[in-house]
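Reading the structure
Here is what each chain is made of, one letter per residue.
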Amino acid sequence: MKGKDPIGQAILEFAATGISEDILVESDVIDDDVIPSHLLLRSIDEMPEVEQIAIQRAKGNILDVGAGAGIHASELIKRGHTVKAIDISQGAVEHMISQGIDAECVEFLSIPDDNKYSTVFMMMNGIGISGTLDGLKQVLKKADSLLLEDGILIIDSTDIKYIYAEEDGSFWVDLNGSYYGEVKFRMSYKNNVSDWFNWLYIDQELLKEITHSVGFETNIIYEDDGHFLAELKRIG
């Protein structure tokens with residue numbers, strides 16, 4: 001396994017051994033956290049409600065973006081969908097291919113516009129690949145180019161304003177700084193350490209504003225304690 005692919009190594013090792021070990025997640029604004037590797041290969045019954053709802057809402061020919069170990073793709077295939085899965089983790093893609101999933105190691109923005117999809121599926125805070133608010137507009141425009149006329153984009157995100165909460169219930173945010181949901185992360189698994197990368201968490205109102213500016217309407221179909229699931233359709 002090459003370096004700088006901690007997620008891929010964690011997936012492959014858990015698939016091979018069944019032994020769950022922690023992935024360390026570091027951030028510039030959020031306390032360090034860990035992801036047990038077994039969660040990357042959870043079954044449909046182990047998935048939270050938001051993921052189960054997203055799977056139910058997906059339709060037709062699906063592009064699963066940031067597919068990880070392919071847990072959503074596998075379930076969608078079981079339900080009769082045709083699925084193309086992509087991820088930037090070579091190890092994750094290797095695992096998906098071993099499971100019979102049509103998977104490719106490629107950046108979302110690099111996908112040719114030749115194939116069109118009924119659903120672009122971006123779960124596990126998948127819209128975070130946008131990195132920044134400007135990046136979000138690029139990702140939305142790319143999704144638009146890949147969707148059929150009546151296609152949908154399914155995403156989830158989290159409003160992380162709670163990180164900046166004061167004891168009196170107010171919020172401290174630097175209005176002169178970047179958007180508070182623009183975060184940097186780094187992941188480590190054993191000695192396999194990723195580079196720092198940009199990630200985006202976005203609140204519902206700003207998401208609606210930005211999506212509308214690029215021709216989508218946003219319908220919030222699930223929310224729980226700041227985490228929400230949204231379905232985007234073209235306006236008109």
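For the structure itself, consult the block above.
The residue numbers shown here count from 1 along each chain, following its written sequence. Residues qualify for local features only when their pLDDT is at least 70, as the model is predicted, and side-chain atom pairs are given and counted only at 80 or more; totals for whole chains, interfaces and linings, by contrast, use all residues. In computing side-chain values, all of the structure's heavy atoms are included and hydrogens and water are not.

When you go through the chain residue by residue, the secondary structure sums to 6 helices and 12 strands. Judged by the C-alpha coordinates and their principal axes, the chain covers about 50 × 45 × 30 Å. A 1.4 Å probe rolled over the protein chains alone gives each residue an accessible area, and that area as a share of the maximum for its type sets the label: buried under 20%, exposed over 50%, partly exposed in between. Across the 236 residues that make up the chain, the buried fraction comes to 49%. We call two residues in contact whenever any of their non-hydrogen atoms come within 4.5 Å of each other. Considering only residue pairs separated by 6 or more positions, the chain has 60% of its internal contacts joining residues 24 or more positions apart. Every helix listed is a DSSP run of H or I at least four residues long, and every strand listed is a run of E at least two residues long, numbered separately from the N terminus.

Those residues of helix H6 (residues 204-213) not exposed but buried are Gln 204, Leu 206, Leu 207, Ile 210 and Thr 211. Taken down its axis, H6 places every buried residue within 160 degrees of arc, on the same side. Away from its buried face by more than 90 degrees, H6 exposes Glu 205, Glu 209, His 212 and Ser 213. Contacts made by the buried residues of H6 are with helix H5 (133-146), strand E7 (147-158), strand E11 (216-224) and strand E12 (227-234). A 3.5 Å cut-off defines polar contacts: any pair of N or O atoms within that distance qualifies, except that in protein one atom must be a possible hydrogen donor and the other a possible acceptor, and neighbouring residues in sequence count only when both atoms are side-chain atoms. Where H6 starts, the residue carrying a side-chain oxygen 3.3 Å from the main-chain nitrogen of Glu 205 turns out to be Asp 203. Note on H6: the residue one or two positions beyond its end, Gly 215, has a positive phi of about 100 degrees. Regarding the arc, it is the one traced by the directions from the helix axis to the C-beta atoms.

To continue, consider the pairing of strand E6 (residues 117-122). Of all the 6 residues making up E6, 6 are buried; the element is thus mostly covered by neighbouring parts of the structure. When DSSP locates at least two bridges between a pair of strands, those strands are taken to pair. Examined bridge by bridge, strand E3 (residues 62-65) and E6 share 3 bridges and lie parallel to one another. From the neighbouring strand, Asp 64 faces E6, where its bridge partner is Phe 121. Sheet topology note: the E6/E7 ladder contains 5 bridges and is parallel. Its bridge partner being in E7, Thr 119 is matched across the sheet by Ile 152. When the strands point away from the viewer and the connection leading from the first strand across the helix to the second strand turns clockwise, the crossover is called right-handed. Each parallel crossover has a hand, and the one from E6 via H5 to E7 is right-handed.

So, on to the environment of Ile 221. Position of Ile 221 among the secondary structure elements: in strand E11. Given the relative accessible area of 23%, Ile 221 is considered partly exposed. Each C-alpha atom, one on Ile 221 and one on Asp 156, is 10.0 Å from the other, the two residues being 65 residues apart in sequence. Other than its neighbours up to four places away in sequence, Ile 221 contacts Arg 57, Leu 229 and Glu 231.

This part covers helix H2 (residues 49-57). Structurally, the α-helix is built with 3.6 residues per turn, so residues lying three or four positions apart point the same way. Among the residues of H2, Val 50, Glu 51, Ile 53, Ala 54 and Ile 55 are the ones counted as buried. Looking at the buried residues of H2, the elements they touch are helix H3 (71-78), E6, E7, E11 and E12.

With that settled, the discussion passes to the pairing of E11. Pairing of E11 with E12 involves 8 bridges; the strand directions are antiparallel. Of the residues in E12, the one forming a bridge with Glu 223 is Phe 228. Counted along the chain from E11 to the antiparallel partner E12, the turn is 2 residues long, and its residue Asp 225 has a positive phi close to 55 degrees.

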